[in-house]
Amino acid sequence: MTDRKLIDLATEVMENSYSPYSRFKVGAVVECSDGSIFMGCNIENAAFGATMCAEAAAIASAVSAGKRSFKRMAITSEGSVYCFPCGSCRQLLSEFSPDIEVLCARADGRYVSYSLSALLPMAFNKEQMGNT
Ligand code: THU
């Protein structure tokens, strides 16, 4: 699948965003190593801390389907700047695929691409726990 197609899917799922508080819609699509695709949008809550990011929703959907190895993620927002994954979502992705390619697209369709290892250098991981 092309980068553009993955971004188009993220733009599609972004429309389902439930974001009445921030009014900031985000869509995320994760492509698994076997080529399967899972999507998520941000889901806000009146108790703000219970809000779920689009990336977390996509990862939750993929892991729930038994997928644990990811190749690429596309993230779109309505903004005129790139929406980079928040720190918590970087950590969530890192658990499964520390080198996943992350595409961040703006509303005008332009996008930038980074390896997660560049976005989250020296990540904390299970090896450091020494008991896994
Ligand atoms: N948001 C995401 O969905 N992903 C990110 O990486 C950054 C923030 C959402 C959460 C909230 O609904 C809104 O954007 C504003 O923070």
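Our structure's up above, just so we're on the same page.
What comes next concerns the included structure. (Residues numbered from 1 in each chain as written. Predicted model: local features only at pLDDT ≥ 70, side-chain atom pairs only at ≥ 80, totals over all residues. Heavy atoms only, no water.)

## Thoughts on the nonpolar core
Short version of the rule: Residues belong to a common nonpolar core when they are buried Ala, Val, Leu, Ile, Met, Phe, Trp, Tyr or Cys residues joined through side-chain atoms within 4.5 Å. Relative accessibility decides the category of a residue: with a 1.4 Å probe and only protein chains considered, values under 20% of the type maximum give buried, values over 50% give exposed, and everything between is partly exposed. Where helices and strands are cited, they refer to DSSP runs of H or I of at least four residues and of E of at least two residues respectively, numbered from the N terminus. By the convention used here, residues are in contact when the closest approach between their heavy atoms is within 4.5 Å.
Within the largest apolar cluster, 22 residues are counted, with the highest numbers of intra-cluster contacts made by Val30, Phe70, Met73, Ile100, Val102 and Leu116. For this core, the secondary structure elements donating two or more residues are β1 (26-32), α2 (54-64), β3 (70-77), β4 (101-105) and α4 (116-119). Setting aside residues up to four positions removed in sequence, Leu116 forms contacts with Arg90, Leu93, Ser94, Ser97, Pro98, Asp99, Ile100 and Val102.

## As for the site of the ligand
As a reminder of what qualifies: Whether a residue is near a molecule or strand is decided by its heavy atoms; if any one of them lies within 4 Å of it, the residue is near. We call two N or O atoms a polar contact when they sit within 3.5 Å, provided that within protein one can donate a hydrogen and the other can accept it, with sequence-adjacent residues counted only if both atoms are side-chain atoms. Accessible surface area values rest on a Shrake-Rupley calculation with a 1.4 Å probe, where residue burial reflects the displayed protein chains alone.
Close contacts around the ligand come from Ser22, Phe24, Val26, Asn42, Glu44, Thr51, Cys53, Ala54, Glu55, Phe84, Pro85 and Cys86, and that covers them all. In this structure, Glu44 approaches the ligand through a side-chain N or O atom, which is 2.5 Å from an oxygen atom. One of the backbone N or O atoms of Ala54 is found 2.9 Å from an oxygen atom in the ligand. Protein chains shield 78% of the accessible area of the ligand, which is 370 Å² for the free molecule.

## Here's the deal with α2
Taken together, the buried positions of α2 are occupied by Ala54, Glu55, Ala56, Ala57, Ala58, Ile59 and Ala62. In this structure, the buried residues of α2 make contact with β1, β2 (37-41), β3 and α3 (87-96). Just downstream of α2 lies Gly66, where phi reads positive at about 95°.

## Things to note about the pattern of salt bridges
For the record, the criterion: For this document, the term salt bridge refers to a Lys or Arg side-chain nitrogen within 4 Å of an Asp or Glu carboxyl oxygen.
All chains considered together, the criterion is met by five salt bridges. With a closest N to O distance of 2.8 Å, Arg72 and Glu31 form a salt bridge. Residue Arg72 is found in strand β3, and its partner Glu31 is found in strand β1; the two are separated by 41 residues along the sequence. The residues Arg72 and Glu31 share a single accessibility class, namely buried. Taking the shortest distance from any N to any O, the salt bridge between Asp108 and Arg106 comes out at 2.7 Å. A relative accessible area of 21% places Arg106 in the partly exposed class. Here the residues in one salt-bridge network are Asp3, Glu31 and Arg72, joined through shared partners.

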